[in-house]
Amino acid sequence: MQFTYFLTEKRLGVHLFGGVSGYFLLDNTLVAENNSGEELTIGSSNNLSEISLSLNAGVGAYYNISKIITVEINPSFKDLYNPSNTPSTKGSVLLYGIYAGIRLN
């Protein structure tokens, strides 16, 4: 779930966003695939948590090309809680990413 607050609502604008995400491990299988599409199961991971949560926050800029097309760039921080069950990563992991793309309204 993410909430967005628009600081400006013009053709060129800025918005703030934040929210919560949940990650659920459904099938713990590692698979290798070759160029012809054949798959080989090579095992599973033993250090991933079945449920992990994250807090997300960031600021973004956008440009409305038209009423339908918007170009965005969104630098954001994610604080992942309990992504792994190994002692070295117990607790939380902080990620930073820059997400960019085109939105169709």
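Structure report, in brief. (Residues numbered from 1 in each chain as written. Predicted model: local features only at pLDDT ≥ 70, side-chain atom pairs only at ≥ 80, totals over all residues. Heavy atoms only, no water.)

## Side note on the packing of aromatic side chains
What counts is decided by this rule: Each Phe, Tyr or Trp ring (for Trp, its six-membered ring) is paired with any other whose centre lies within 6.5 Å, and the angle between the two planes then decides the class: stacked below 30 degrees, edge-to-face above 60, tilted in between. Think of it this way: any DSSP run of H or I at least four residues long counts as a helix, any run of E at least two long counts as a strand, and we number them from the N terminus. Buried residues are those whose accessible area, probed at 1.4 Å on protein chains only, stays under 20% of the maximum for their type, while exposed residues exceed 50% and partly exposed ones sit between those limits.
By the definition in use, this model includes two aromatic pairs. Summarising the aromatic geometry, the rings of Phe6 and Tyr62 are spaced 5.8 Å apart at their centres and angled 80° between planes, so their arrangement reads as edge-to-face. With Phe6 in strand β1 (residues 2-6) and Tyr62 in strand β5 (residues 51-64), this pair connects stretches of sequence that are 56 residues apart. Note on Tyr62: relative accessible area 5%, which makes it buried. For the pair Phe77 and Tyr96, a centre-to-centre distance of 5.0 Å together with 50° between the ring planes defines the contact as tilted. Within this pair, whereas Phe77 is found in strand β6 (residues 69-81), its partner Tyr96 is found in strand β7 (residues 92-104), the two being separated by 19 residues in sequence. Under the relative-accessibility criterion, Tyr96 is labelled exposed at 51%.

## Let's talk about the pairing of strand β3 (residues 30-33)
For a regular strand, the rule is simple: side chains alternate between the two faces of the sheet. Going by this rule: The pairing criterion is simple: DSSP has to find at least two bridges between the two strands.
Pairing analysis gives four bridges linking β3 to strand β4 (residues 39-43), with the strands arranged antiparallel. Following the sheet pairing, Leu30 is matched in β4 by Gly43. In sequence, β3 turns back onto β4 through a hairpin of five residues, with Gly37 there showing a positive phi of about 90°.

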